[in-house]
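# Structure at a glance
Residues per chain are reported as follows:
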Amino acid sequence: MYLATTGRRDAPPRPAGARRRVPGTVLVLGTVSLVTDVSSEMVTAVLPLYLVLGLGLSPLQFGLLDGLTTGATALVRLLGGVGADRGGRHKQVAGLGYALSACSRLGLLLAGGATGWIAGALAVDRLGKGVRTAPRDALITLHSPPEDLGRAFGTHRAMDTTGALLGPLAAFALLWATAETYETVFAVSFCVGAFGVLVWLLLVPGRPKDPGRPGDPGEPRHSGGQQDPARPRDDRETRPKAPAAPRARGVLLAVPRSPAYRRIVLCAALLGAATVGDSFLYLLLQRRLDLDATWFPFLPLGAAAVYLLLAVPAGRLADRIGRRRPLLYGHGALLLAYGLLLAPVPGAAALVGVLVLLGVFYAATDGVLMALTGPFLTGGRQAGGLAVVQTAQALARLGAAVAFGAVWTASGPETALVAALLALAAALVCAARLLPTGPTREGSST
């Protein structure tokens, strides 16, 4: 198997002073994510304006639409993870997801303002994201040493966030150049997404050739019959004879048997149920500052810039001190962002503070949660196991989006924020008690 999970979850320490490189596969996956995120964030940046200000949807309708399109990927996310694990088809399954997301831009372009068609196009986009996320993260896990998973996921997320920075900039430039013609944004987004699919097909490798250790095209392999001195001589006899990936049977029932893994799934759901969607927070900032609609696409850039700067350091810190504490600290930053939106502070201070705290939240939680989960999964079940965690989180956020939109519509945004703050505080207390410890770089548990 690729990760040392059957007997111990901590990897053997590397020699002192050994140079650590990010695996080449992770860099390629990050490049694809960068290009794809340019495409998706072009749409995401203008979508709240298009739906709420342009088409006149209420906050409750927007919450239902945003939440349902996110939660609709739950079953597909699970099926995508299981299908990728069976036969090691991670590249094929994830590639299908990227293609679906690219095609969804055409649906937005052809919808013509019809809410039903827009909802369908958004559902296809989220289906594509649901299909690809677990197999892609499984590829990162399979091609990276266990003790460096935080660094690998942090590097990938940093590259992904670079696309999140460029996407809104491109959307703003197009809206400015075309007098706020949203169809142009959708058309350019489709072309960029299609290019990302092409890069995936041409450059992304499949599973590692050697199932006995993490493999990567960016690192040299011992070939030509030479024995790796760092491995025992009889290792060839102990490794599986055939290079085919293990076929996981009943993966969704087998993976959660680990008590630590079950606690991770539960905590992901608890914290997700108290996480207000970014779009709501940006709408609250726009409402508080009375920003012109033209400047709205710039709001995600502040959070994305902080995320980009902190993703790799947060991943390295998680590898060093354990991945549990950064995950809790990140949700603590989100709690502070809720409080800042409620506090009587100047608008500029609220704007900067909320965007910085959002960036810290994502840097300390997004890749770190996957890095925390990976070492608890056995070989051949990485994608399915990660998909369960991601699905629990997505379904919980579906409920959070609908509930927040409903409370906002019925009682106002302040009441909704107070409820979200209290829910997140309670979820943090539970997660602090339930989250398991994980391996550190030194090979000990935290």
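Each value, and the rule that gives it
- Residues numbered from 1 in each chain as written.
- Predicted model: local features only at pLDDT ≥ 70, side-chain atom pairs only at ≥ 80, totals over all residues.
- Heavy atoms only, no water.
- Helix = DSSP H or I, 4+ residues; strand = E, 2+ residues; numbered from the N terminus.
- Contact = heavy atoms within 4.5 Å.
- Buried < 20%, exposed > 50% of the residue type's maximum accessible area, 1.4 Å probe, protein only.
- Polar contact = N/O pair within 3.5 Å; in protein donor to acceptor, adjacent residues only side chain to side chain.
- Patch = residues over 30% accessible without salt bridge, like charges linked within 9 Å, V, L, I, M, F, W, Y side chains within 5 Å.
- Areas by Shrake-Rupley, 256 points an atom, 1.4 Å probe, with all protein chains shown as cover.
- Salt bridge = Lys/Arg side-chain N within 4 Å of Asp/Glu carboxyl O.
- Core = buried A, V, L, I, M, F, W, Y, C linked by side-chain atoms within 4.5 Å.
- Lys, Arg positive; Asp, Glu negative; His and termini not counted.
- Phe/Tyr/Trp six-rings, centres within 6.5 Å; stacked < 30°, edge-to-face > 60°.
- Axes fitted to C-alpha atoms, helices over the stretch in contact; angles between N-to-C directions.
- Left-handed = near helix turned anticlockwise from the far one by under 90°.
- Nonpolar A, V, L, I, M, F, W, Y, C, P; charged D, E, K, R; others polar.
- pLDDT = per-residue confidence, 0-100.
- Disulfide = S-S within 2.5 Å.
- Parallel < 35°, antiparallel > 145°, perpendicular 65-115°, else oblique.
- Expected span 1.5 Å × (residues − 1).
- Bend = angle between axes of the 7 residues up to and from the residue.

### Let's talk about the environment of Tyr-338
Tracing the backbone shows Tyr-338 in helix α13 (residues 324-342). Sequence separation between Tyr-338 and Val-418 is 80 residues, and the spatial gap between their C-alpha atoms is 8.0 Å. Discounting residues that sit within four places of it in the chain, Tyr-338 has contacts with Ala-274, Thr-275, Val-276, Leu-281, Leu-417, Ala-420, Leu-421 and Leu-424.

### Quick notes on the side chain of Ser-144
By the element assignment, Ser-144 lies in the loop between α5 (115-142) and α6 (149-177). When its relative accessible area of 0% is taken as the criterion, Ser-144 is described as buried. Here the side chain of Ser-144 touches Ile-140 through a polar contact of 2.7 Å, landing on its backbone oxygen.

### Re a nonpolar patch on the surface
There is a patch of nonpolar side chains on the surface, built from Phe-195, Leu-198, Leu-201, Leu-202 and Leu-203 and spanning about 540 Å² of accessible area. Note that Leu-201 resides in helix α7 (residues 182-203). Classification of Leu-201 as exposed rests on a relative accessible area of 53%.

### Quick look at the nonpolar core
Formed by 99 residues in total, the largest nonpolar core has its most connected members in Trp-200, Leu-281, Tyr-282, Tyr-338, Leu-358, Val-389 and Phe-404. In this structure Val-389 touches Tyr-261, Ile-264, Val-265, Ala-268, Leu-369, Met-370 and Thr-373, once residues within four positions along its chain are discounted. One finds Ala-84, Val-93, Val-131 and Ala-138 within the second-largest nonpolar core, a separate group that totals five residues.

### Observations regarding the pattern of salt bridges
In total, this model carries five salt bridges according to the counting rule given. Notably, a salt bridge pairs Asp-137 with Arg-157, separated by 3.2 Å at the nearest N-O pair. Note that Asp-137 is positioned in helix α5 and Arg-157 in helix α6, a separation of 20 residues in sequence. We classify Arg-157 as buried; its relative accessible area is 4%. With a shortest N-O distance of 2.7 Å, Asp-319 and Arg-323 are connected by a salt bridge. A relative accessible area of 0% means that Asp-319 is categorised as buried. Classification of Arg-323 as buried rests on a relative accessible area of 1%. Connected through shared salt-bridge partners, Arg-136, Asp-137, Arg-157 and Asp-366 make up one network.

### Points about the side chain of Asp-37
Considering the arrangement of structural elements, one finds Asp-37 in helix α1 (residues 24-54). Buried charge without a partner: Asp-37 forms no salt bridge, and the closest opposite charge is Arg-132, 5.6 Å away. The residues touching Asp-37, leaving out its near neighbours within four places in the chain, are Met-42, Asp-160, Gly-163 and Ala-164.

### A short note on the packing of aromatic side chains
Counted under the stated rule, the structure contains six aromatic pairs. Between Tyr-98 and Trp-200 the ring centres are 4.9 Å apart and the planes differ by 40°, which places this aromatic pair in the tilted class. Remark: Trp-200 occurs in helix α7 and Tyr-98 occurs in helix α4 (residues 90-111); sequence separation between them is 102 residues. When sorted by exposure, Tyr-98 lands in the same class as Trp-200, which is buried. A network of ring pairs unites the aromatic residues Phe-280, Phe-404 and Trp-408 as a single cluster.

### Comments concerning the environment of Gly-399
For Gly-399, the position within the fold is in helix α15 (residues 382-411). Considered as a pair, Gly-399 and Thr-275 are 124 residues apart in the sequence and their alpha carbons are 9.7 Å apart.

### Let's talk about the packing of α6 against helix α14 (residues 347-373)
Remark: α6 packs on α14, axes separated minimally by 9 Å, with the N-to-C direction vectors making an angle of 145°. Taken as a pair, α6 and α14 cross one another with a handedness that is right-handed. Touching Leu-149, Gly-150, Phe-153 and Arg-157 of α6 are Asp-366, Gly-367, Met-370 and Ala-371, all from α14. Split by residue class, the contact of α6 with α14 holds four nonpolar, two polar and two charged.

### As for the confidence of the model for the protein
With 76% of its residues at a pLDDT of 70 or more, the protein shows a mean pLDDT of 78. Contacts of residues 1-18 to residues separated by more than four positions or lying in other chains number 41 contacts, the stretch itself having pLDDT below 50. Below a pLDDT of 50 lies the segment residues 440-446, which in the model reaches 24 contacts outside its immediate sequence neighbourhood of four places, other chains included.

### Section: the state of the cysteines
Applying the stated criterion across every chain yields a total of zero disulfides. Here Cys-267 stays free of any disulfide, with the sulfur of Cys-430 as its closest cysteine sulfur at 8.1 Å.

### So, the packing of helix α10 (residues 259-272) against α14
Two elements in contact, α10 and α14, have axes separated by 10 Å at closest approach and are oriented at 160°. On the basis of their axis angle, the class for α10 and α14 is roughly antiparallel. Judged by the sense of rotation from one axis to the other, the crossing of α10 with α14 is left-handed. Contacts from Tyr-261, Ile-264 and Ala-268 of α10 reach α14 at Leu-369, Leu-372 and Thr-373. When grouped by side-chain class, the residues that make up the contact of α10 with α14 number five nonpolar, one polar and no charged.

### Topic: α4
The terminal C-alpha atoms of α4, which comprises 22 residues, lie 32 Å apart, in line with the 32 Å expected from a rise of 1.5 Å per residue. Here α4 has its buried residues at His-90, Val-93, Ala-94, Gly-95, Gly-97, Tyr-98, Ser-101, Ala-102, Ser-104, Arg-105, Leu-108 and Ala-111.

### Some details on α14
Between its terminal C-alpha atoms α14 stretches 39 Å, which fits the 39 Å expected from 27 residues at 1.5 Å a residue. The sharpest bend along α14 measures roughly 25° and falls at Gly-367. With respect to burial, α14 is a largely interior element, 19 of its 27 residues being buried.

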